[in-house]
Amino acid sequence: MVVKMAAMDDHERKIVLEFCHLLDKSKNLFNGLRDLPQYGHKQWQTYFGRTFDVYTKLWKFQQQHRQILDTKYGLKRWQIGEIASKIGQLYYHYYLRTSETNYLNEAFSFYSAIRGRAYYSRASKEDSPHFNRSDLMVKKLRYYARFIVVCLLLKKMKLVRDLVMELDKQIVDYTSTYEPDDQLEWSLVLDEIKSFIKADGIVSVLHADSNTIVLSHRLSPLTTPPVEKSTIMNLSLQEIVIIGNCSDQVKFSELTMDMFRMLQTLEREPQEDYNHLYDSPAPGRVPFEKSYSVSSAKGGVGYPAMVMCQENGDRPSKRENPHKYLLYKPTFSQIMVFLASGFKELPANGALLLYISADGCFGSTKHPEDMGYDLGGVVTNSKREADHSNKKGAHTKDMHCLYPGDLYPFTRKPFFVIVDSDNSFVFQHLPRYFGQPLVILMSPQDIPPNFHEQQHNGNLFTMFLHSPLTAFCYICNITNVPIHHWERCQSFIDRFVTEASRLLTRSRIDPVYLQFFGDDFLRLLVLRYVFCDIALHLHRSFKSRHLRPRCHPALPESELLEHPALTHLVLDLAIHLEVRSHFIDSNELE
């Protein structure tokens, strides 16, 4: 932007120069974010704080001096939108690094206000020496894609559908006017979003007027399973690594459907109270609270402004959610770095959770000797590496197959592992070399043929861990459930979880389960595993052992997995859903 400084008085010149300084500084800091390490906590915290501070100053400055910036600098509406979009991105990436869902709400506020004020509405008409119109349109399209991701994570599905329609129209405008060669790339993005939305709604809960109701499956006080606490329940989930690489599964923005479901399962429901004090993104400044200010001299809706209060800056002693890393198609070295980082960050009595959703990598050794490597593992990335095999050929193992033996070092601390794969059972041989608590939950290695076509919508085992009732309806071919019916069915699930919790704590069970059982998330996962195992065991289509999940250490059969109270609750649920014929008869329970 060429600014005619001669036409300004000193006050105006000072304001324009300060704005240009803040704009350049903010861009440089923002661009530097991509060079920060993705792992650990302290390495990036300070830099993020500086970036938030500068954007806060920039945002307030353009609000306070809008008239001068409009007339003397020639500030465009899309430039204001670009600043707001960057702040939204900052909050979204801060959410990814902290796992605190309240920052999703902050990102949503900024993205939503951009749309409400239509800051990008003239992006295709405006021009400047710095950006051609094509570049501005791409910024607009990327803004839509990012906004859709945030709305998906907040389950704002009606808005998602509206945004998809708007994005569709914007893509047509962009490719027909500027870059026809980009049509395929953006059409693929749009197709990915549509497939993702469809897969996420595999079972629809309907209102009385037949409209779909969007339900959240994050942890809330209503879904936290009860437990009789004991002193042995001394571990809490602190660090999580989520890995996704299923070749045939729908994905959007480096999130497969399984990763999307699991990350929500491991988060608490976001606070909706905007007067609540959150931890500040800026270092040494806890907390900030949301306030609203008039966004411009031209009037209109307000923007969230970051109001900081000086505090001692200590990290909060208790986080709302455990910290997690999301790894889409990671290389072996990336997995090791992120696992090691999570391992290093564990506080006393903290537990590390590894969740893997990936295709199997099968061993070819006829007489396995090393159970950690000879039976194969899971493929996490299809990338071909430079040839380090010295042409040994047949005896070389896959570079990006994660083998059970690769996890041995991490069993030095409490370790909870979930594997959803067609080669999951090989992980049951993980030894407890260091005597620390270790639990492994493994998916069925196959599903009945009649479910194969739907596998791209997400794996069945993860669906059970995410929403047991959705998975139960799915295996019974139920696609629509009225809301009053759903709530009644959910009460069966709640009763099952309560009873299973009581039975598990009183049965003769490996003590490692009780050590993990004090944590709300890990308790929920174990109890949903129990529901999954019993439901599939009773279902006529899942008779073979490899069609059912496994766990290590094994859970007691008679005292838990075959307990009459639990089997009857599952069958009562089937009766209520009018699908009793899908399950074995009572005389077959013997």
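No experiment lies behind these values; they were computed from the predicted model shown.

Peer 1: Go over the overall build of the protein with me, naming the residues and quoting the values.
Peer 2: The helix and strand inventory of the protein stands at 17 helices and 16 strands. For the protein, the exposed surface amounts to about 26,200 Å²; the carbon and sulfur share of it is 50%.

Peer 1: So what's going on with the sheet that holds strand β13 (residues 415–420)? Residues and values would help.
Peer 2: Taken together, the six strands give an open sheet; going across it, the order is β8-β3-β9-β13-β14-β16, and neighbouring strands pair in mixed fashion. For this open sheet the edge positions go to β8 (323–328) and β16 (550–552), each flanked by a neighbour on one side alone. Along the sheet, successive strands turn relative to each other by an average axial angle of 10°, direction set aside. In terms of strand pairing, β13 meets strand β14 (residues 438–442) through five bridges, oriented parallel. Bridge pairing in β14 places Phe415 opposite Leu438. Across the sheet, helix α10 (residues 332–345) is in contact with β3 (236–245), β8 and β9 (350–358); its angle to β8 comes to roughly 175°.

Peer 1: Which residues make up the environment of Asp533, and what are the values?
Peer 2: Examined against the element boundaries, Asp533 turns out to sit in helix α15 (residues 520–538). Asp533 gets classed as buried once you look at its relative accessible area, which sits at 1%. Measuring from C-alpha to C-alpha, the distance between Asp533 and Cys551 comes to 9.8 Å, with 18 residues separating the pair along the chain. Within the structure, the side chain of Asp533 is placed 3.4 Å from the side chain of Arg548, a separation counted as a polar contact.

Peer 1: Outline unusual backbone geometry, listing residues and values.
Peer 2: His552 connects to Pro553 through a cis peptide bond whose omega is 0°. Assignment of secondary structure puts Pro553 in the loop between β16 and α16 (557–561). The backbone of Ala118 shows a phi angle near 55°, a positive value even though the residue is not glycine. If you trace the backbone, Ala118 turns up in the loop between α5 (102–117) and α6 (133–153). Residue Ala118 is classed as partly exposed on the basis of its relative accessible area of 31%. For Glu578, which is not glycine, the phi torsion reads 60° and is therefore positive. With respect to the element layout, Glu578 can be found in the segment after α17 (564–576). Given a relative accessible area of 73%, Glu578 falls into the exposed group.

Peer 1: Talk me through the pattern of salt bridges; I want residue IDs and the actual numbers.
Peer 2: Evaluated as defined, the whole model comprises 18 salt bridges. Of the charged contacts, one joins Asp10 and Arg13 as a salt bridge, the two residues approaching to 3.0 Å between their closest N and O atoms. Taken together, the residues span about one helical turn, with Asp10 and Arg13 both in helix α1 (residues 10–32) at a distance of three residues. When its relative accessible area of 24% is taken as the criterion, Arg13 is described as partly exposed. Linking Arg218 and Glu267 is a salt bridge whose minimum nitrogen-to-oxygen distance equals 2.7 Å. Of this pair, Arg218 sits in the loop between β2 (212–213) and β3 while Glu267 is found in the loop between α9 (257–265) and β6 (288–294), placing the two residues 49 residues apart along the sequence. Here Glu267 falls in the buried class, since its relative accessible area comes to 0%.

Peer 1: Describe in detail the pairing of β9, supporting the description with residues and values.
Peer 2: Burial of β9 is extensive: nine of the nine residues sit out of reach of the surface. Taking every second residue as pointing to the same face, both faces of β9 are buried, with Gly350, Leu352, Leu354, Ile356 and Ala358 on one and Ala351, Leu353, Tyr355 and Ser357 on the other. Bridge count between β3 and β9: nine bridges; the pairing is parallel. Paired with Ile242 across the bridge in β9 is Tyr355. With six bridges connecting them, β9 and β13 associate as parallel partners. Within β13, the position partnered with Ser357 by the bridge is Asp420.

Peer 1: Give a detailed account of α5, specifying residues and quantitative values.
Peer 2: A rise of 1.5 Å per residue sets the reference length of α5, with its 16 residues, at 22 Å; its end C-alpha atoms lie 23 Å apart and thus fit the reference within 8%. Counting buried positions over the 16 residues of α5 gives 13, a clear majority of the element. Directly beyond the C-terminal end of α5, a positive phi value near 55° is found at Ala118.

Peer 1: Help me get a handle on the nonpolar core, residues and values and all.
Peer 2: Ranked by size, the top nonpolar core spans 157 residues in total, and within it Leu353, Phe416, Phe472 and Leu555 carry the most contacts. Ignoring anything within four residues of it in the chain, the contact list for Phe416 reads Leu352, Leu353, Leu354, Val439, Leu441, Phe516, Leu522, Leu525 and Val526. Counting 29 residues, the second-largest nonpolar core is a separate cluster that includes Ile243, Ile356, Val378 and Phe425.

Peer 1: Provide a residue-level description of the packing of α15 against α17, including the pertinent values.
Peer 2: Interhelical geometry of α15 versus α17 gives an angle of 70° and a closest axis separation of 10 Å. Comparing the axis directions of α15 and α17 gives the class roughly perpendicular. For the pair α15 and α17, the crossing hand works out as right-handed. Residue-level inspection shows Val530, Phe531, Ile534, Ala535 and Leu538 of α15 in contact with α17, the latter providing Leu566, Thr567, Val570, Leu571 and Leu573. Residues of the contact of α15 with α17, tallied by class, amount to nine nonpolar, one polar and no charged.

Peer 1: Describe in detail the sheet that holds strand β12 (residues 401–402), supporting the description with residues and values.
Peer 2: Within the open sheet, the three strands sit side by side as β10-β11-β12. Their pairing is antiparallel. Edge positions in the open sheet fall to β10 (360–362) and β12, since each of these has one partner strand only. Sheet topology places strand β11 (residues 376–379) next to β12; two bridges connect them, and they run antiparallel. In the strand pairing of β12, Val378 is matched with Leu402.

Peer 1: Quick one: what's the story with the environment of Met336, residue by residue and with numbers?
Peer 2: Within the secondary structure, Met336 is located in helix α10. By relative accessible area, which is 19% here, Met336 ends up buried. For the pair formed by Met336 and Leu402, sequence separation is 66 residues and the distance between their alpha carbons is 9.8 Å. With residues near it in sequence (within four places) discarded, Met336 still touches Leu402, Asp406 and Phe410.

How each quantity is defined
Residues numbered from 1 in each chain as written. Predicted model: local features only at pLDDT ≥ 70, side-chain atom pairs only at ≥ 80, totals over all residues. Heavy atoms only, no water. Helix = DSSP H or I, 4+ residues; strand = E, 2+ residues; numbered from the N terminus. Areas by Shrake-Rupley, 256 points an atom, 1.4 Å probe, with all protein chains shown as cover. Pairing = 2+ DSSP bridges. Axes fitted to C-alpha atoms, helices over the stretch in contact; angles between N-to-C directions. Contact = heavy atoms within 4.5 Å. Buried < 20%, exposed > 50% of the residue type's maximum accessible area, 1.4 Å probe, protein only. Polar contact = N/O pair within 3.5 Å; in protein donor to acceptor, adjacent residues only side chain to side chain. Salt bridge = Lys/Arg side-chain N within 4 Å of Asp/Glu carboxyl O. Expected span 1.5 Å × (residues − 1). Core = buried A, V, L, I, M, F, W, Y, C linked by side-chain atoms within 4.5 Å. Parallel < 35°, antiparallel > 145°, perpendicular 65-115°, else oblique. Left-handed = near helix turned anticlockwise from the far one by under 90°. Nonpolar A, V, L, I, M, F, W, Y, C, P; charged D, E, K, R; others polar.

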